[in-house]
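Architecture and fold: a report
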Amino acid sequence: MSGAGAPATGGFDASGLNVVVIAATWHEVIMDGLIAGAERVLEETGANHRLVRVPGSFELAVAAQAAFAGGADAVVALGVIIRGGTPHFEYVSAAATDGLTRVSLDAGRPVGFGLLTLDDEQQGLDRAGLPGSKEDKGAEAADAALRTAQVIRALRG
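Residues numbered from 1 in each chain as written. Predicted model: local features only at pLDDT ≥ 70, side-chain atom pairs only at ≥ 80, totals over all residues. Heavy atoms only, no water.

The following threshold applies: UniProt positions are given in the numbering used here, feature names are shortened, and annotations may be inferred rather than shown by experiment.
Under the annotation held in an unreviewed UniProt entry, the chain carries the name 6,7-dimethyl-8-ribityllumazine synthase and is attributed to Microbacterium capsulatum. Under the heading Function (unreviewed entry), UniProt records this for the chain: "Catalyzes the formation of 6,7-dimethyl-8-ribityllumazine by condensation of 5-amino-6-(D-ribitylamino)uracil with 3,4-dihydroxy-2-butanone 4-phosphate. This is the penultimate step in the biosynthesis of riboflavin." What UniProt states about the chain under its Catalytic activity (unreviewed entry) heading is, verbatim, "(2S)-2-hydroxy-3-oxobutyl phosphate + 5-amino-6-(D-ribitylamino)uracil = 6,7-dimethyl-8-(1-D-ribityl)lumazine + phosphate + 2 H2O + H(+)".

This is the structure we're talking about:
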């Protein structure tokens, strides 16, 4: 698990930033934990935010693109893809990751990457920020998006 060395989340002022949390609908328990972690960080830091849902992880990128076109300063993309017995996992994981990267670079604005690519459901439960979880990837994705949005604002003056 990648939790060792992770920075603390929150503890700064992100008021004035407009953030859209885009969350897939598959794997409801894990997704609920990811969303709760992201929303907690956004609320603690004072960022303006709203939640939109998309059918699956493949649709995260196009929704992120629309959020940026609508004026979002940052997006937090949350999804869960669990490996199965077909190549579907590899195709969807790669397409979603590549799509989110492209949208972020094209917009020049950050996408907090909360897309979990997992071998099994337990790995997701361990990362979802639920009671007993070892990590809170939703909170980490929101924190990364906010901090990067602040860096971009500072660089642009």
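What follows picks up the thread again.
1. Overview of helix 1 (residues 28-45)
Our working rule: Numbered from the N terminus, helices here are DSSP runs of H or I no shorter than four residues, and strands are runs of E no shorter than two. Here, expected helix span is obtained from the residue count minus one, scaled by 1.5 Å. Only protein chains enter the accessibility calculation, which uses a 1.4 Å probe; a residue is then buried when its area is under 20% of its type maximum, exposed when over 50%, and partly exposed in between. Residue contacts are counted whenever heavy atoms from the two residues lie within 4.5 Å of one another.
Here helix 1 contains 18 residues, and its C-alpha end-to-end distance of 26 Å stays within 8% of the 26 Å for a straight helix at 1.5 Å per residue. All of the buried residues in helix 1 are Ile 30, Met 31, Gly 33, Leu 34, Ile 35, Gly 37, Ala 38, Val 41, Leu 42 and Thr 45. On its buried face, helix 1 is in contact with strand 1 (18-24), strand 2 (48-54), strand 3 (74-82), strand 4 (111-118), helix 4 (121-127) and helix 5 (137-156). Two residues or fewer past helix 1, Gly 46 is found with a positive phi of approximately 85°.

2. Observations regarding the sheet that holds strand 2
Put simply, the rule reads: Strands were regarded as paired on the criterion that DSSP finds at least two bridges between them. In this description, a line fitted to the C-alpha atoms serves as the axis of each element, helices being fitted only across the stretch in contact, and the angle between N-to-C directions of two axes falls anywhere from 0 to 180 degrees.
Pairing is parallel across the open sheet formed by 4 strands, whose spatial order is 2-1-3-4. The outermost strands of the open sheet, each flanked by one partner alone, are strand 2 and strand 4. Sheet twist, expressed as the average angle between the axes of neighbouring strands with direction ignored, equals 15°. The sheet contact formed by strand 1 and strand 3 spans 5 bridges and is parallel. Across the sheet, residue Val 21 finds its bridge partner in strand 3, namely Val 76.

3. Some points on the UniProt feature "binding site: (2S)-2-hydroxy-3-oxobutyl phosphate" (unreviewed entry) in the chain
Within this structure's numbering, the places UniProt gives as "binding site: (2S)-2-hydroxy-3-oxobutyl phosphate" (unreviewed entry) are Gly 85, Thr 86 and Arg 127. A maximum C-alpha distance of 23.8 Å shows the annotated residues, which cover 43 residues in sequence, to be distributed over more than one spot. Summarising the element assignment, Gly 85 is placed in the loop between strand 3 and helix 3 (88-107). Judged by its relative accessible area of 85%, Gly 85 falls in the exposed class. Mapping Thr 86 onto the fold places it in the loop between strand 3 and helix 3.

4. Re the environment of Gly 114
Checked against the element boundaries, Gly 114 lands in strand 4. Linking Gly 114 and Thr 86, residues 28 residues apart in sequence, is a C-alpha distance of 23 Å. If near-sequence neighbours (up to four positions away) are discounted, Gly 114 is found in contact with Leu 34, Ala 77, Leu 78, Gly 79 and Ala 141.

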